[in-house]
Amino acid sequence: MVACVLVELSNKALDKMFDYNVPKELEEKVKIGIRVKVPFGMQKLEGFILSFKDKSDIELRDIESIVDNDIVLTDDLLKLGKIMKEKTYSSLISCYQTMLPKALKASYKTNINIKYDNFYKLNNVNINLTQKMKEVVKLFNDKELIDKKTISNYYSNVKKLVDIGLLKEVKKEHYRLTYDKVTAEKHKLTDEQEKVYNEFISTEDNVYLLHGVTGSGKTEVYMEIIDYFLKQGKTSIMLVPEISLTPQMVERFTKRFGSVVAALHSALSEGEKYDEWRRIARGEAKIVIGARSALFCPLKNIGVIIIDEEHSDSYIQDDKNPHYSAIDMAIERSKIVKAKVLLGSATPSLESYARGLKKVYHLLTLKNRVNGKTLPVVKIIDMNYGIRTAVGSFSRELINALNEKLEKNEQVILLLNRRGYSRVVTCKNCGFTYKCPNCDIALTYHKSTNNLRCHYCGFATKVDNTCPKCHENDLSSIGVGTEKVEEEMKKIFPNAKVLRMDYDTTTKKGSHKKMLDDFKEHKYDILLGTQIVAKGLDFENVTLVGIINADTSLNIPNYRSSEETFSLISQTAGRCGRADKEGVVYIQTFNKDHYAITYSKKHDYVGFYHEEMNIRRKLKYPPYYYILYIKISGKDNSLVYNESLRIKKSFMKYLKDEILLGPSTAGNYKINNIYHYGIIIKYKSDINIKEALDLMNKAYISNNKIKIDIIFNPRHF
């Protein structure tokens, strides 16, 4: 028997299967989709068996051993990996590796141990027993297994009972995560929710888009749909955009569905992820909840894949190969396994909503909040005037509103989508600005550690009191981040308990859940955070939301900046007034007349959609045109630029109605001493550019000085 093995090598030139002989002793154990260890040149590598054949025309080396007894890549994941390879121009092995937790990758060298608990069973009672031993025997009664602690209460030397043959030790695997088996009484759906649920289960479309306002009960509809498939013997995948949402969502689901729920997200330890992966593969879990990578769990018999907050950038992997969209891959997987896909959002991406209107997706709507309350009143604070009387980052209007809510013992969420203390530190005398030595980016000041930090490569340095260039004592900080706002709040609201939630404060394991639990229990009055606090959170005592600088995302040089601003404001605004108490939202901005601001004030997604679509049509941006971004990078700036020009010239031979822009420096031009250039191609059909992409891919496949990334429909350049 000959096994065709895909070896775990990142070299694109070696992205193919190699034949290995299967030794007789392994023939009964090898299966398609398992990992094996094989000799490769002078190395010992791991790889995946993708197929078998009877013989090979060349002399073969033997497979050395089997790494996993269980199948790692199921049949549908093997097929999905091949689709991902074709769609992203990535190597097949990189596609499979992105599907697996670290513990199942050859590159992960730390050994993950399976944890066991020791139990005991009766082995032989036909021996002379003391009175104490008889008491131990009585413990079992109708029980097959008993733990050591229970037995020790009657007989301290459990080892002796094993040695004389009375008991037999049994090891039972112990999962690192445990779930409550409490089944909560489900909520009765509203008439509007019931209509959406019935329409979903009674129609036969592949992809559905649920456009529901914040607080309309989309999660309750998700659970009802999952329950329907569970009763049909089907499983479900539920994706959420932020790690912070996962513990809340898991808790809510386990209250209803119990231990058939599994979680997969980056906040888990590698051991926990390994356990959850095996629970899923064994069929012990029927509902999987997690972030983007949870899409690739080895779940069998899938009925539905739900993607909550489908507009979120976190569903796009654009920082490394393969560059893929979880939504696209979810649709592809659903076609393979004949499942349905449900996308949900209060602010769907323009592409998704356009497909909904064109009936490419089946559009479902929830127009009302479940409690019958109206959406919160939104007030715009024009900071062109408000800044004159502002205290730090806070307008007088927002300060007054905060004081009013604090007096009523109500809670507040504040959004500032920039972490750190200040954006840059610069010298007033000579204009010097601290920049990262590895990246062409200004360093962000963090006062708590008194250092300047690069948020791209991690470089950090202490701040001197004097300018390193002119040696004058004239350094000042420009811009504001969450750390600085927290400091300001302690002065303005000295009696308020403030909780800051951003990347810097949530690095510890379990920190997201603890913070949200503490806020829910009203241990804090004000939750200040970045976009982490904008999505999915549901606190009934929050009656005020303040957006400190709505222009942060509006000023990003990207064609999606208006869409992202509208979405961020709308999502954050939706965190208040979700229960019995009325909510109000304050938006501080220097661009009060910008349509992203004015439509968010009216909670008018449809109005914003038409306004933005008109601009996209004129500028030939998605969804009217597709975008292909070719990123060229390397350590030699001159070489990278010249190769970029060469690639542009080769593409121009194939283009007809397509639009080619560049090459130009990428948004993040220099990261960790690597230079980046980009070429943008706008197109309606990829027929003319596919051949050019294939040729370019082959030309650079073995080039170790130039790296080419092919990114379809990127969110950012």
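Above this text sits the structure in question.
This structure is a prediction, so every number in the text was calculated from the model and none was measured. (Residues numbered from 1 in each chain as written. Predicted model: local features only at pLDDT ≥ 70, side-chain atom pairs only at ≥ 80, totals over all residues. Heavy atoms only, no water.)

What is the right way to look at the packing of helix 7 (residues 218-231) against helix 8 (residues 245-257) in this model?
For any two helices packed against each other, one specifies the crossing angle of their axes together with the interaxial distance. Packing of helix 7 against helix 8 leaves a shortest axis separation of 12 Å and a crossing angle of 45°. Classed by the angle they form, the pair helix 7 and helix 8 counts as oblique. The crossing of helix 7 and helix 8 is right-handed. On the side of helix 7, the interface is formed by T219, E220, M223, E224, I226, D227 and L230, while helix 8 contributes M249, R252, F253, R256 and F257. Looking at the contact of helix 7 with helix 8 residue by residue, the class counts come to six nonpolar, one polar and five charged. (Axes fitted to C-alpha atoms, helices over the stretch in contact; angles between N-to-C directions. Helix = DSSP H or I, 4+ residues; strand = E, 2+ residues; numbered from the N terminus. Parallel < 35°, antiparallel > 145°, perpendicular 65-115°, else oblique. Left-handed = near helix turned anticlockwise from the far one by under 90°. Contact = heavy atoms within 4.5 Å. Nonpolar A, V, L, I, M, F, W, Y, C, P; charged D, E, K, R; others polar.)

What is the right way to read helix 11 (residues 350-357) from this model?
Working note: α-helix, 3.6 residues per turn, so residues spaced by three or four point in the same direction. With respect to burial, helix 11 is a largely interior element, six of its eight residues being buried. Buried within helix 11 are the following residues: L350, E351, S352, Y353, A354 and G356. Those residues of helix 11 that are buried lie in contact with strand 9 (207-212), strand 16 (340-345), strand 17 (362-366), helix 17 (561-573) and helix 19 (605-619). K359 sits one or two positions beyond helix 11 and adopts a positive phi of about 65°. (Buried < 20%, exposed > 50% of the residue type's maximum accessible area, 1.4 Å probe, protein only.)

Before we go on, may I ask you to explain the sheet that holds strand 1 (residues 2-7) in this structure?
Sheet strands pair via backbone hydrogen bonds, and the direction of the pair is either parallel or antiparallel. The five strands lie next to each other as 2-1-4-3-5, forming an open sheet whose pairing is antiparallel. The open sheet has two edge strands with one neighbour each: strand 2 (17-21) and strand 5 (65-66). As judged from the five bridges shared by strand 1 and strand 2, these two strands associate in the antiparallel manner. Of the residues in strand 2, the one forming a bridge with L6 is M17. (Pairing = 2+ DSSP bridges.)

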